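Next come the chains, spelled out residue by residue.
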Amino acid sequence: MLDNDTQPAEDGTTTDLAVATEWLERWRLSLDGAVFQTATSTLAPAYTATGQAVMLKISHVDEEQRGSHLLAAWSGHGAARVLEHEGDAVLMERATGPRSLAHLSVSGADAAATEVLCETAAVLHAASADVLDSPEPPELVPLRTWFRNLFSHADEFTAFHRRGADLALALLDDERDVVALHGDVHHANVLDFGERGWLAIDPKGLLGDRAFDYCNLFCNPSPELALEPGRLEARFAQVTDAAALPPDRLARWLVAWCALSSTWSTLDGDDAVAESMIRIGERAIPLALD
């Protein structure tokens, strides 16, 4: 259940082991491999006392904690089922199936991978009413807030960023089909859970237009694959059909998303990824004009 940003903790990393050990003992878990860490979380694969494969995740930032609340609120509908949730820690079922959406895409079955991503997003969105109407709904970040870095920096960067910001503002002023959004639907965040099928992990916990949730899949599992000739156009036709989205509206969201993603990468000093996001977004502009 670890995404592409996850790195294994170095052997003997006392801090990570100590953080995980408290929860492993509290929930009577046995460790099943190394404790892992990301920039935002500590993770430990484990088994419950009854032998169920689980993943323990201790979040260190608000974004991850918010995502854990949303994951729990989905109650296993389209997402990993949460078994325990207390404070910064969440215990969820672990993906143990052998299949990978990234592998499907790079091995010639990209349409099959895209279908899974669309179906997963649809199940999550269908459960939105139950999430939002629950007695204690999770705190979700509105898309207007999510785009704040793009709005703040658009005029400092390129004309593409300014165009993306303008499109985002227009879309946000006319939001439709507002649902609880995963916010990061892509090939590394929808995993094979065996008999339970393909399920989502690591939501960002957003609230807004459902079309937004389909944008990130166009940029994955790598910019190189996403930019292959005809790839974006084939995916775009498939997604608009599967998700029943107006093509011009999805294309505008995609341009806006690429501008936001490029902004984040630029601020992080990753100019190569920032440029890739611009190239994908520029490829989407004609689709918004059709």
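For the structure, see preceding data.
With respect to helix α8 (residues 159-172)
Given 3.6 residues to a turn, an α-helix orients residues that are three or four positions apart in the same direction. Counted at 1.5 Å a residue, the expected span for α8 with its 14 residues is 20 Å, and the 20 Å between its end C-alpha atoms agrees. Among the residues of α8, those classed as buried are Phe-160, His-161, Gly-164, Ala-165, Leu-167, Ala-168, Leu-171 and Leu-172. Summarising the axial view, the buried residues of α8 lie within an arc of 165°, below the 170-degree limit, and thus occupy one face. At its buried positions, α8 is contacted by α6 (143-146), α7 (148-153), α11 (247-267) and α12 (271-289). One side-chain oxygen of the residue at the start of α8 lies 3.2 Å from the amide nitrogen of Phe-160, identifying that residue as Thr-158.

A short note on the nonpolar core
Membership of the largest hydrophobic core comes to 69 residues, with the highest contact counts inside it found for Phe-212, Tyr-214 and Trp-253. Among the elements that line this core, the one with the most residues is α11, at 10 residues. Once residues lying within four places of it in the same chain are set aside, the contact partners of Trp-253 are Leu-143, Phe-147, Leu-171, Leu-172, Asp-209, Ala-211, Phe-212 and Cys-215.

Section: the environment of Ala-272
Looking at the element boundaries, Ala-272 is found in helix α12. Owing to a relative accessible area of 57%, Ala-272 belongs among the exposed residues under this scheme.

Some points on the side chain of Lys-57
Within the secondary structure, Lys-57 sits in strand β5 (residues 53-59). If we skip the residues at most four places from it in the chain, Lys-57 touches Ser-41, Thr-42, Leu-43, Glu-64, Asp-88, Ala-89, Val-90, Met-92 and Asp-202.

Observations regarding the packing of aromatic side chains
By convention here, two paired aromatic rings are described through the distance between centres and the angle between planes. Per the counting criterion, the structure on display carries 9 aromatic pairs. Measuring from ring centre to ring centre gives 5.5 Å for Trp-146 and Trp-264, while their planes differ by 80°; the resulting arrangement is edge-to-face. Placement of the pair is Trp-146 in helix α6 and Trp-264 in helix α11, with a sequence separation of 118 residues. On the basis of an interplanar angle of 85° and a centroid distance of 5.8 Å, the ring pair of Phe-212 and Trp-257 is categorised as edge-to-face. Pair noted here: Phe-212 is in the loop between β12 (206-209) and α9 (223-226) and Trp-257 is in helix α11, with a separation of 45 residues, a long-range link. On the basis of relative accessible area, Phe-212 is assigned to the buried category, the value being 3%. Aromatic rings pair up to connect Trp-146, Phe-147, Phe-151, Phe-212, Trp-253, Trp-257 and Trp-264 into one cluster. Over the aromatic face of Trp-23 sits the side chain of Arg-26, whose NZ or CZ is 4.3 Å from the ring centroid.

A short note on helix α10 (residues 231-243)
With 13 residues, α10 should reach 18 Å at 1.5 Å per residue; the first-to-last C-alpha distance of 18 Å fits that figure. Listing the buried residues of α10 in full gives Arg-231, Leu-232, Arg-235, Phe-236, Val-239, Thr-240 and Ala-243. For α10, the buried positions fall inside an angular range of 140° around the axis, keeping them on one side. Of the residues flanking the end of α10, it is Ala-244, one or two places downstream, whose phi is positive at about 55°.

Some points on the pairing of β5
β5 sits mainly inside the fold: 7 of its 7 residues count as buried. The alternating pattern of β5 places Ala-53, Met-55, Lys-57 and Ser-59 on one face and Val-54, Leu-56 and Ile-58 on the opposite face, and all of these are buried. Following strand β4 (residues 41-47), the chain reverses through 5 residues before pairing antiparallel with β5; Gly-51 in that reversal takes a positive phi of roughly 95°. The sheet contact formed by β5 and strand β7 (residues 89-93) spans 5 bridges and is antiparallel. Note that in β7 the partner of Met-55 across the bridge is Met-92.

About the thresholds
Residues numbered from 1 in each chain as written. Predicted model: local features only at pLDDT ≥ 70, side-chain atom pairs only at ≥ 80, totals over all residues. Heavy atoms only, no water. Helix = DSSP H or I, 4+ residues; strand = E, 2+ residues; numbered from the N terminus. Expected span 1.5 Å × (residues − 1). Buried < 20%, exposed > 50% of the residue type's maximum accessible area, 1.4 Å probe, protein only. Arc of directions from axis to C-beta. Contact = heavy atoms within 4.5 Å. Polar contact = N/O pair within 3.5 Å; in protein donor to acceptor, adjacent residues only side chain to side chain. Core = buried A, V, L, I, M, F, W, Y, C linked by side-chain atoms within 4.5 Å. Phe/Tyr/Trp six-rings, centres within 6.5 Å; stacked < 30°, edge-to-face > 60°. Lys NZ or Arg CZ within 6 Å of the ring centre and 35° of its normal. Pairing = 2+ DSSP bridges.

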